[in-house]
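Below are the chains, spelled out letter by letter.
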Amino acid sequence: MNPQAKLIFASSLLLGSTITISSNHWIMAWTGLEINTLAILPLISKSHHPRAIEAATKYFLVQAAASALLLFSSMTNAWHTGQWDITQLTCPTSCVILTAAIAMKLGLAPFHFWFPEVLQGCSLTTGLLLSTAMKFPPLTLLYMTSQSLNPSMLTTMALLSAALGGWMGLNQTQTRKILAFSSISHLGWMAVIIAYSPKLALLNFYLYVVMTAAVFLTLNTIKTLNLSTLMTTWAKTPALSAMLMLTLLSLAGLPPLTGFLPKWLIIQELVNQEMAPTATIIALLSLLGLFFYLRLAYCATITLPPHTTNHMKQWYTNKPTNTSVAILVTLSIILLPISPMLRTIV
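The rules behind each value
- Residues numbered from 1 in each chain as written.
- Predicted model: local features only at pLDDT ≥ 70, side-chain atom pairs only at ≥ 80, totals over all residues.
- Heavy atoms only, no water.
- Helix = DSSP H or I, 4+ residues; strand = E, 2+ residues; numbered from the N terminus.
- Rg over C-alpha atoms; globule rule 2.2 N^0.38 Å.
- Buried < 20%, exposed > 50% of the residue type's maximum accessible area, 1.4 Å probe, protein only.
- Contact = heavy atoms within 4.5 Å.
- Areas by Shrake-Rupley, 256 points an atom, 1.4 Å probe, with all protein chains shown as cover.
- UniProt positions renumbered as here; feature names shortened; annotations may be inferred.
- Polar contact = N/O pair within 3.5 Å; in protein donor to acceptor, adjacent residues only side chain to side chain.
- Domains from an automatic or database assignment.
- Buried area = accessible area lost by both parts, 1.4 Å probe.
- Salt bridge = Lys/Arg side-chain N within 4 Å of Asp/Glu carboxyl O.
- Expected span 1.5 Å × (residues − 1).
- Core = buried A, V, L, I, M, F, W, Y, C linked by side-chain atoms within 4.5 Å.
- Axes fitted to C-alpha atoms, helices over the stretch in contact; angles between N-to-C directions.
- Parallel < 35°, antiparallel > 145°, perpendicular 65-115°, else oblique.
- Nonpolar A, V, L, I, M, F, W, Y, C, P; charged D, E, K, R; others polar.
- Phe/Tyr/Trp six-rings, centres within 6.5 Å; stacked < 30°, edge-to-face > 60°.

Novice: Help me out: how do you make sense of the overall build of the protein in this one?
Specialist: Broken down by element type, the protein carries 16 helices and 0 strands. Taking 346 residues into account, the globule formula puts the C-alpha radius of gyration at 20 Å, and the protein, at 20 Å, falls close to it. Residue burial in the protein is summarised as follows: out of 346 residues, 54% are buried. Contacts in the protein between residues at least 24 apart in sequence constitute 77% of all its contacts with a sequence separation of at least 6. Looking at the protein as shown, the accessible area adds up to about 15,100 Å², and 69% of this sits on carbon and sulfur atoms.

Structure, rendered in structure tokens:
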């Protein structure tokens, strides 16, 4: 793709996100989301492969439907209350429609079916954008309206997301699809807490972005799209493969890694809100995700493939690791000791 075109699309993404995050009026927030959608479509379909075109089409249709629902929700609220302010969402019907619209935007169950297919159809760098940057504007809308939303509806969707994200990722062999189901599962953890502690949901999102970016960029560095190729990367980049294993275990939420922090704080907050059964269920559902993270980690650090593969063994390369990958991987592993400081922020 032309570098000038890439620059235009990247700045449009930045502009759209900034408009949505900083707006108080529903129409401005909707405009920002539309700019975002239109800017990411060429990045998804840039390879001109039929799979990429299909992914871009699916993404456009889902996002257009979600935007229409969001506009309908804000208009219904304005009709009832005379308010276009995002924080003044008081009509119960509007709250339900808005929750559905943002769930579609984010890929939260039961509106998650488009996300693995779209992620599978695009490159790893575009997949990283879809999994992180494109989720931030809808999540800020959820953050701003969190006091008005129905907690029981959000909790149901969150448990469904955690269950389906873990369950459907079990038999996947494509790394992008596994990361898509991982994203759906993590969104469940954010949705379950956003009505009770919105700042904690945002902290969870920030840490999720750091860990997911580390995994995506590492996989992009070693050019790995499926598990069978991942098995042959140990000989090429042993240090990076070992770091990938630790980052994946961090995403799974194992102590003493960074990923344990948001899960620990969310379970603690749910217990404080007298929702111990919900905390127990979502903690047990995270074990499903742990299985496929362990599977990925095993494939990443295996020194000899257990069977003959069609992929050529790669020579050890002594290239230095990208600085951004090194920083993100480090943050994904060692942030737990400074959790008291992070706790004071939220």
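Picking up where we left off.
Novice: Got a minute to help me understand the UniProt feature "domain: NADH:quinone oxidoreductase/Mrp antiporter transmembrane" (unreviewed entry) in the protein in this structure?
Specialist: Listed under "domain: NADH:quinone oxidoreductase/Mrp antiporter transmembrane" (unreviewed entry) in the UniProt record, and renumbered for this structure, are residues 23–287. Strand forms 0% of residues 23–287 and helix 74%; the C-alpha atoms that close the span are 38 Å apart.

Novice: Just to check I follow, could you spell out the environment of Thr258 for this structure?
Specialist: Checked against the element boundaries, Thr258 lands in the loop between helix H12 (238–252) and helix H13 (260–272). Between the C-alpha atoms of Thr258 and Met211, which are 47 residues apart in sequence, the distance is 8.5 Å. Ignoring sequence-local partners within four residues, the contact set of Thr258 consists of Leu207, Ser250, Leu331, Ser332, Ile333, Ile334, Leu335 and Leu336. Only 3.0 Å separates the side chain of Thr258 from the backbone nitrogen of Leu335, close enough to count as a polar contact.

Novice: Explain the side chain of Thr20 to me, please; I cannot follow it from the model alone.
Specialist: Mapped onto the elements, Thr20 comes out in helix H1 (residues 3–22). Classification of Thr20 by relative accessible area gives buried; the value is 0%. When near neighbours in sequence (up to four residues on either side) are disregarded, Thr20 contacts Ala29, Gly32, Leu33, Pro137, Leu141 and Met144.

Novice: Would you explain the domain arrangement of the protein in this entry?
Specialist: Size of an interface: often given as the accessible area lost when the parts come together. The domain boundaries assigned to the protein delineate domain 1 (1–140) and domain 2 (150–345). With centres defined by C-alpha atoms, the gap from domain 1 to domain 2 works out at 23 Å. Listed by partner, the interface residues are 25 residues for domain 1 and 33 residues for domain 2. Each partner contributes to the roughly 2,600 Å² buried at the junction of domain 1 and domain 2, and carbon and sulfur atoms together form 80% of this total. Linking domain 1 to domain 2 there are 1 salt bridge. For Lys177, the salt bridge identified is with Glu117, shortest N-O distance 3.4 Å. The interface formed by domain 1 and domain 2 includes 6 residue pairs in polar contact (both at pLDDT 80 or more).

Novice: Just checking my understanding: could you explain helix H9 (residues 175–193) for this structure?
Specialist: In a regular helix each residue adds 1.5 Å, so 19 residues correspond to 27 Å; H9 covers 28 Å between its end C-alpha atoms and thus fits that length. Of all the 19 residues making up H9, 19 are buried; the element is thus mostly covered by neighbouring parts of the structure.

Novice: What's the story with the nonpolar core in this structure? I'm lost.
Specialist: For soluble globular proteins, nonpolar side chains are generally found buried alongside one another. Counting residues in hydrophobic clusters, the biggest one holds 105 residues, and the most contacted among them are Ile44, Tyr59, Leu130 and Leu230. Residue contributions to this core peak at 14 residues, all from helix H10 (residues 198–221). In terms of domain composition, this core takes at least three residues from each of domain 1 (1–140) and domain 2 (150–345). Setting aside its immediate chain neighbours within four residues, Leu130 contacts Ile40, Ile44, Tyr59, Phe115, Val118, Leu119, Cys122 and Lys135.

Novice: Which parts of the structure should I look at to understand the packing of helix H6 (residues 124–131) against H10?
Specialist: Helix-helix packing: each pair is described by the crossing angle between the helix axes and the interaxial distance. Their axes nearest at 9 Å, the elements H6 and H10 cross at an angle of 170°. When the axis of H6 is compared with that of H10, the two are roughly antiparallel. On H10, the residues that touch Leu124, Thr125, Gly127, Leu128 and Ser131 of H6 are Tyr208, Thr212, Ala213, Phe216, Leu217, Leu219 and Asn220. Each residue belonging to the contact of H6 with H10 can be placed in one class, and the counts come to 7 nonpolar, 5 polar and no charged.

Novice: Help me out: how do you make sense of the packing of aromatic side chains in this one?
Specialist: Each aromatic ring pair is summarised here by two numbers: the centre-to-centre distance and the angle between the ring planes. All chains considered together, the criterion is met by 8 aromatic pairs. A ring pair is formed by Phe205 and Tyr208, whose centres lie 6.4 Å apart and whose planes are at 40°; its orientation type is tilted. With Phe205 and Tyr208 both in helix H10, this residue pair falls 3 residues apart, about one helical turn. As far as burial versus exposure is concerned, Phe205 and Tyr208 are alike and both buried. Taking the centre distance of 4.9 Å and the plane angle of 45° together, the rings of Phe292 and Tyr293 count as tilted. Comparing Phe292 with Tyr293, the two get one shared label, buried. Taken together, the ring pairs in this structure connect Phe136, Phe205, Tyr206 and Tyr208 into an aromatic cluster.

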